[in-house]
Structure formats: structure tokens, C-alpha cells
Amino acid sequence: MSTLSRLPWPQYFMEITYLVAERSTCTRRKVGAIAVKDKRILATGYNGAPSGVAHCLDVGCLRAQLGVPSGQRHEICRGLHAEQNVIVQAAIHGISLSGSEIYCTTQPCLICTKMLINCGVTAIRYAESYPDQLAEDMLRESGVRYEVLPFTPRTGSPCLPPVIPNAPDIPNAPDGPDVPGGTPGSGDGSCGCGGGCACGSRSRP
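Definitions and limits used
- Residues numbered from 1 in each chain as written.
- Predicted model: local features only at pLDDT ≥ 70, side-chain atom pairs only at ≥ 80, totals over all residues.
- Heavy atoms only, no water.
- Salt bridge = Lys/Arg side-chain N within 4 Å of Asp/Glu carboxyl O.
- Helix = DSSP H or I, 4+ residues; strand = E, 2+ residues; numbered from the N terminus.
- Buried < 20%, exposed > 50% of the residue type's maximum accessible area, 1.4 Å probe, protein only.
- Contact = heavy atoms within 4.5 Å.

Draft legend 1. Main features of the pattern of salt bridges. In the structure shown here, the tally under the stated rule is 7 salt bridges. In this structure, Glu101 engages Arg125 in a salt bridge whose closest nitrogen and oxygen atoms are separated by 2.5 Å. In this pair, Glu101 sits in strand 3 (residues 101–106) while Arg125 sits in strand 4 (residues 123–128), placing the two residues 24 residues apart along the sequence. Here Glu147 and Arg145 are joined by a salt bridge, their closest N and O atoms 4.0 Å apart. Note on Glu147: relative accessible area 5%, which makes it buried. When its relative accessible area of 41% is taken as the criterion, Arg145 is described as partly exposed.

Now the structure itself:
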């Protein structure tokens, strides 16, 4: 019998979600999301400007220029959130998201939460929390399961979430050990990210 271990499905999908996020053109935060049903990926999305429109990386962030705090004035943002692009991609290709599960690098904001509820998703799993009580209240009321997914990154990036080895899929699991080489949550970029990653220095756009 083989002694090799296989990557658990939840970690497999979260690894892919973080890979998807690397396509992001947002200057504030890279976010990725995927829709999964019956262990099959239905659609992927990352945050960035619409197709055919200049990327924020090229023209700058208006909200940053105006000093808009994180989580506010989304209506003047050039980009779409990762979850919104999952929904758009599924719609373009005629794929129903009803009954699917969403994996996100970061907890969906209120707007994305309402859209996902209406798509009929059954669960939302994310690696990084986002303080939005109303979004959580609406998920709870709608019956959509949501949870922080204990996640062991395998990519070697210092900018990924804390490591919780061999952790089961437990809702609202506690934080894991520190990210090697830095001070997660300090916001000073000491993990080697330059002050803009999941170590805590970066907040949701």
C-alpha cells in the first residue's frame, strides 16, 4: 500500500484560488475566487478592471488618490471583485452556479455576498476574514454556510495565510502559527511582503 498522501480537496481548491488571485491587477489587494460543484471547477475570477478597460496597475487607483478608506465607495472603483467575476464568467458561458460552493482568498464583501446568495450557492469558504457583520448576518439568515478554511499553503509564498497543518474543515477555526520569516498581522511588511499582503498589513479594497 502506498504511503504517499494526497492533497485534501479543500486545500486543493484553495491553492487554486490563490493561484487565480495572481492574475489580479488591483493595486490594493489581490483576491481570487472559484466556484466548485461535485469537485469540479465551474468558473474562476480575480479582482480587476473590466475587459477592454485600462488596468488599475496602469492608470492608478482613484480611491487611493482620493484617500478613500478600505471598504468604502466601491462605486468609484474601476475594478470588479473576484466573486463578481466568477458570476460574470459563469453567466457568459451559460453555467449555473446554483448548488455550487465558493472558495475565496478573502471573505466576500456585502455586495458580493448578496449576489452569491441569489446565485443559489450553498457554501462560502475563505482563508482571510473581513469584518463585515451585515454580510455574515445575511449569510446566516439565508442558510448559506460560511467558514474560515484552515489552509496550509504549499506555494512557498510568505504572503499566504497562516499554516494549520492537517487541520480539518472546521468553521471559524483559530489562527495558526506565524508565517515564517516575519511578523504576521504587524502590518509593517516584516514578512517580506513590503507591507501589502495577508500578514495583516493589507485590507480589502
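Draft legend 2. Structural context of helix 4 (residues 82–92). If you check which residues of helix 4 are buried, you get Ala82, Glu83, Gln84, Asn85, Val86, Ile87 and Ala90. The inward-facing, buried residues of helix 4 abut strand 1 (32–37), strand 2 (40–46), strand 3 and helix 5 (110–119). Downstream of helix 4 by one or two residues, Gly94 has phi in the positive range, about 70°.

Draft legend 3. Region of interest: the environment of Gly45. Here Gly45 is to be found in strand 2. For Gly45, a relative accessible area of 3% translates into the label buried. When the C-alpha positions of Gly45 and Leu80 are compared, they lie 9.5 Å apart, and in sequence the two are 35 residues distant. Dropping the residues within four chain positions of it, Gly45 is found in contact with Val20, Val31, Gly32, Ala33, Ala82, Asn85 and Val86.

Draft legend 4. Here's a closer look at the environment of Gly32. Inspection of the secondary structure assignment puts Gly32 in strand 1. For the pair formed by Gly32 and Val20, sequence separation is 12 residues and the distance between their alpha carbons is 5.3 Å. In contact with Gly32, other than residues within four places in its own chain, are Thr17, Val20, Ala21, Gly45, Tyr46, Ala82, Tyr103, Cys104 and Thr105.

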